[in-house]
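If you want the building blocks of each chain, they are given just below.
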Amino acid sequence: MLSAFLTASCIPQSSATPPSPAQHHPTIVSLNPCTDAILAEVADPAQILAISHYSHDPRSTSMDPEEANRFPATRGTVEEVLALKPDVVLGSTFTDPATASAYSRLGLRLERIGMAMTIAENDAQIRQIATLTGNPARGEALIARIDAALTAAAPRPGTQPIPTVVWQSGGMVPGDGTLIADVLRRTGFTNFAAARGLGQADLLPLERMLADPPALILVAGQSAETGKGDDRVLSHPALEALKTTRRAHLGPKLLYCGGPTLIAAAQRLAQIRNSSPARGGGPSQMVEGHPQ
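Values in this document were obtained by computation on a predicted structure and should not be read as measured data.

What counts and how
- Residues numbered from 1 in each chain as written.
- Predicted model: local features only at pLDDT ≥ 70, side-chain atom pairs only at ≥ 80, totals over all residues.
- Heavy atoms only, no water.
- Helix = DSSP H or I, 4+ residues; strand = E, 2+ residues; numbered from the N terminus.
- Buried < 20%, exposed > 50% of the residue type's maximum accessible area, 1.4 Å probe, protein only.
- Contact = heavy atoms within 4.5 Å.
- Areas by Shrake-Rupley, 256 points an atom, 1.4 Å probe, with all protein chains shown as cover.
- Disulfide = S-S within 2.5 Å.
- 1 Å grid on protein atoms, 1.4 Å probe; cavity = no way out; pocket = protein on both sides within 12 Å on 5 of 7 lines; lining within 4 Å.
- Points joined across faces, edges and corners; volume = space filled by probe spheres on them.
- Nonpolar A, V, L, I, M, F, W, Y, C, P; charged D, E, K, R; others polar.
- Phe/Tyr/Trp six-rings, centres within 6.5 Å; stacked < 30°, edge-to-face > 60°.
- Lys NZ or Arg CZ within 6 Å of the ring centre and 35° of its normal.
- Polar contact = N/O pair within 3.5 Å; in protein donor to acceptor, adjacent residues only side chain to side chain.
- Pairing = 2+ DSSP bridges.
- Axes fitted to C-alpha atoms, helices over the stretch in contact; angles between N-to-C directions.
- Expected span 1.5 Å × (residues − 1).
- Arc of directions from axis to C-beta.
- Parallel < 35°, antiparallel > 145°, perpendicular 65-115°, else oblique.
- Salt bridge = Lys/Arg side-chain N within 4 Å of Asp/Glu carboxyl O.

**Q** Quick one: what's the story with the overall build of the protein, residue by residue and with numbers?
**A** Along the protein, the regular secondary structure elements total 13 helices and 12 strands. Counting across all 292 residues of the protein, residues that qualify as buried make up 46%. For the protein, the proportion of contacts with a sequence separation of at least 24, taken over those separated by at least 6, is 65%. Accessible surface, the protein: about 14600 Å² in total, of which carbon and sulfur atoms supply 58%.

**Q** Got a sec to walk through the state of the cysteines? Specific residues and values, please.
**A** Applying the stated rule across the entire model yields one disulfide. The disulfide partner of Cys34 is Cys257, and the gap between their sulfur atoms is 1.9 Å. Classification of the bridge connecting Cys34 and Cys257 rests on its S-S torsion, roughly -75°, and on that basis the disulfide is left-handed. Here Cys34 is found in helix α2 (residues 33–42), whereas its partner Cys257 is found in the loop between β11 (246–249) and α12 (261–274), with 223 residues between them in sequence. Judged by relative accessible area, which is 22%, Cys34 ranks as partly exposed. Cys257 sits in the buried class, given a relative accessible area of 5%.

**Q** Could you give me a rundown of empty space enclosed by the protein, with the residues and numbers involved?
**A** In the structure shown here, the tally under the stated rule is one cavity of 30 Å³ or more. Here the largest cavity defines a volume of roughly 50 Å³. Around the largest cavity, the lining residues are Val165, Phe192, Ala193, Arg196, Leu198, Leu204, Arg208, Met209 and Asp212. Every element with two or more residues in the lining of the largest cavity is listed here: α9 (192–195) and α10 (206–211). Grouping the constituent residues of the lining of the largest cavity by class yields six nonpolar, no polar and three charged.

**Q** Got a sec to walk through the packing of aromatic side chains? Specific residues and values, please.
**A** Taken as a whole and judged by the stated rule, the model has zero aromatic pairs. Positioned above the aromatic ring of Phe192, the side-chain terminus of Arg196 is 3.9 Å from the ring centre.

**Q** I'd like to hear about the side chain of Asp182, residue by residue, with values.
**A** Mapped onto the elements of the fold, Asp182 is located in helix α8 (residues 179–186). The exposure class assigned to Asp182 is buried, which follows from its relative accessible area of 9%. A distance of 2.9 Å separates a polar side-chain atom of Asp182 from the backbone nitrogen of Ile119. In contact with Asp182, not counting residues within four places along its chain, are Thr118 and Ile119.

**Q** A description of the sheet that holds strand β5 (residues 109–113) should follow, citing residues and the corresponding values.
**A** Spatial strand order, β3-β2-β1-β4-β5: five strands in an open sheet with parallel pairing. Looking at strand neighbours, the two that pair on one side only are β3 (73–74) and β5, the edges of this open sheet. With two bridges connecting them, strand β1 (residues 28–30) and strand β2 (residues 48–52) associate as parallel partners. Bridge assignment links Ile28 to a residue of β2, and that residue is Ile48. Against the sheet, α2 makes contact with β1, β2, β4 (88–92) and β5, and its axis sits at roughly 145° relative to β2, the strand it touches most.

**Q** Tell me what's going on with helix α7 (residues 136–153), and back it up with residues and numbers.
**A** Count 3.6 residues to each turn of an α-helix, and residues three or four apart come out pointing the same way. Compared with an ideal rise of 1.5 Å per residue, which puts 18 residues at 26 Å, α7 spans 26 Å between its outermost C-alpha atoms and is within 8% of the ideal. The set of residues buried in α7 consists of Gly139, Leu142, Ile143, Ile146, Ala149, Leu150 and Ala153. Along the axis of α7, the buried residues cluster in a sector spanning 120°; they form a single face. More than 90 degrees from the buried face of α7, the exposed residues found are Ala137, Thr151 and Ala152. Tucked into the core, α7 has its buried residues touching α2, α6 (119–133), α8 and α12.

**Q** Report on the packing of α7 against α12, specifying residues and quantitative values.
**A** The N-to-C vectors of α7 and α12 enclose an angle of 5°; their axes lie 9 Å apart at closest approach. Between α7 and α12, the angle is such that the two are roughly parallel. Contacts between α7 and α12 pair Arg145, Ile146, Ala149, Leu150 and Ala153 from the former with Leu262, Ile263, Ala266, Ala270 and Arg273 from the latter. Considered class by class, the residues forming the contact of α7 with α12 number eight nonpolar, no polar and two charged.

**Q** I'd like to hear about the pattern of salt bridges, residue by residue, with values.
**A** Within the structure shown, the criterion is met by 11 salt bridges. Between Asp176 and Arg185 there is a salt bridge, and its shortest N-O distance comes to 3.3 Å. Overall, Asp176 belongs to the partly exposed group, its relative accessible area being 41%. Residue class for Arg185 comes out partly exposed when judged on its relative accessible area of 44%.

Structure, rendered in structure tokens:
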């Protein structure tokens, strides 16, 4: 035994099994509010060197303001990002080519994250970002929470979908190939504007709305966020003539981003669907509620 001990003790250090290095989790700068919200869910706080300035603006953030203010913000200039020395930059498919080229020359890894158009695409993006942070299990946990929220917000089997227009400022409507359209389908609504041939960012004039009204108008103008009144189209007095059409506020911040935003969107849509005219104030009146 003594001989074996002495032999082992004489093994050169270089030939011994080295200790396993600690797993490196990359530092990250995010440049848009949709990835900001996902990143805050799946990364360690120390990994997040900065989020976009949009997330510090109550009008455009997809995060809880208190949560967003925990992190520094950047306007996304190359100089700002370079000074932070991140391992990864989360940009978008709209990142300016000159900016992307500058990141490449400076040795910064740019990951372009597109806009999710379906729940499935949203799940794939969450997995992509969670894997980049080195925390894939947190991505799966977030997806599970979203799935649970969508399941809880789903209508009872056999419930007739509600023909619905999501009416944004200026009369703009979302198309059918959008994330909010997928959420509408899953929570008991049909995209009335898409069924009438309107696509993403098309305009639905007031006159056409009055001539061919849906069962429900989801008003997604600025009043849904500020409470200060919609633009003239969305709050026009002529809408009071639609005696069989309900109106409800839908926060415009719920229309575009996936990630944890989908949980709030599903909950709000279920709340609207379950609000009867008697509780909501009459078919042609605005159904109030927390605009999210």
